[in-house]
Every structure is written in C-alpha cells, then in structure tokens.
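Spelled out, the chains give:
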Amino acid sequence: MNFIKQIERIKRIHKLISAEKTGSPSVFAGKLCLSRSQLYNVLEIIKGLDAPLKYCKKRESFYYETSFDLE
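Here is a short report on the structure shown in this document. All of these numbers come straight from a predicted model, not from anything done at the bench. Every chain is numbered on its own, with residues counted from 1 as its sequence reads. Where local features are concerned, this predicted model is filtered to residues with pLDDT of at least 70; where side-chain atom pairs are given and counted, the filter is 80 or more; whole-chain, interface and lining totals use all residues. Only hydrogens and water are removed before side-chain values are computed, so all heavy atoms of the structure are retained for them.

Thoughts on the pattern of salt bridges
Then step 1. Salt bridge criterion: a side-chain nitrogen from Lys or Arg within 4 Å of a carboxyl oxygen from Asp or Glu. The full count for this structure, using the stated rule, is three salt bridges.
Then step 2. Across the salt bridge formed by Lys11 and Glu8, the nearest N and O atoms sit 3.9 Å from each other. Of this pair, Lys11 and Glu8 both sit in helix 1 (residues 3-18), three residues apart, roughly one helical turn.
Then step 3. Between Lys47 and Glu44 there is a salt bridge, with its nearest N and O atoms 3.6 Å apart. Strands are runs of DSSP state E lasting at least 2 residues, helices are runs of H or I lasting at least 4, and numbering of each runs from the N terminus.

Concerning the nonpolar core
Then step 1. Grouped together as the largest cluster of nonpolar side chains are 16 residues, with contacts concentrated most on Ile13, Ile17, Phe28, Leu39, Leu43, Ile46 and Tyr64.
Then step 2. Of all the elements in the fold, those that place two or more residues in this core are helix 1, helix 2 (25-31), helix 3 (36-47) and strand 2 (61-64).
Then step 3. When residues of this core are assigned to their parent elements, the largest contribution, four residues, is made by helix 3.
Then step 4. Contact criterion: two residues are considered in contact whenever any of their non-hydrogen atoms come within 4.5 Å of each other. Residue contacts for Ile17: discarding those within four places in its chain leaves Thr22, Phe28, Leu43, Leu53, Phe62, Tyr63 and Tyr64. For our purposes a nonpolar core is just a set of buried Ala, Val, Leu, Ile, Met, Phe, Trp, Tyr and Cys residues, chained together by side-chain atoms within 4.5 Å. Only protein chains enter the accessibility calculation, which uses a 1.4 Å probe. A residue is then buried if its area is under 20% of the maximum for its type, exposed if over 50%, and partly exposed in between.

Things to note about the environment of Leu32
Then step 1. By secondary structure assignment, the location of Leu32 is in the loop between helix 2 and helix 3.
Then step 2. In this structure the C-alpha to C-alpha distance between Leu32 and Lys21, which are eleven residues apart in sequence, comes to 13 Å.
Then step 3. Leu32 has contacts with Arg12, Ile13, Leu16 and Leu39, leaving out every residue within four places of it along the chain.

Looking at helix 3
Then step 1. One less than the number of residues in a helix, times 1.5 Å, gives the span that helix is expected to have. End to end, helix 3 covers 16 Å across twelve residues, agreeing with the expected 16 Å (1.5 Å per residue, within 8%).
Then step 2. Burial in helix 3 covers these residues: Leu39, Val42, Leu43 and Ile46. On an axial view of helix 3, the arc spanned by its buried residues comes to 105°, and they lie on one face.
Then step 3. Contacts made by the buried residues of helix 3 are with helix 1, helix 2, strand 1 (53-56) and strand 2. Read the arc as the range of directions from the helix axis to the C-beta atoms.

Regarding unusual backbone geometry
Then step 1. With a phi close to 60°, Cys33 is a non-glycine residue in the positive phi region.
Then step 2. Position of Cys33 relative to the elements: it lies in the loop between helix 2 and helix 3.
Then step 3. If you check the backbone angles, Asp50 has positive phi at about 65° while not being a glycine.
Then step 4. Take Asp50: it is sitting in the loop between helix 3 and strand 1.

This is the structure we're talking about:
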C-alpha cells in the first residue's frame, strides 16, 4: 500500500473513532474492508502517535479517552 493511501486510511479511522461510531472490532474492520489483524496494526500506529485510544465493550466502540487531534 502506498503512503498516501495509508494516511487516508488513518484519517478515516480517526474520524470514526472521534465520532465514537466504530462498532465492535469486527464491524469496524468490515467498514474499512480490513481484517481484524490489519485493523489492530493501524490502531497500533495511531497509539504510537500518543493517542489515548480505548475500547468500550458496553458501547461497542473505540474512543479517545481525552481530546486528541490527529495532525
């Protein structure tokens, strides 16, 4: 995958996480046409940017624990 597409994917994931509209990991991966393992690889990249990323089982959504802006 080229660099530009990777950045666009990260931006899309960030937007869905910010809106807390990801769904479960399987649903979220499906929305992005990724496998769960691919999704978790991208989430690790986002965490590497010091994102306070969490998952709520009750809401079935990923979210940012505190305000986070992707630059």
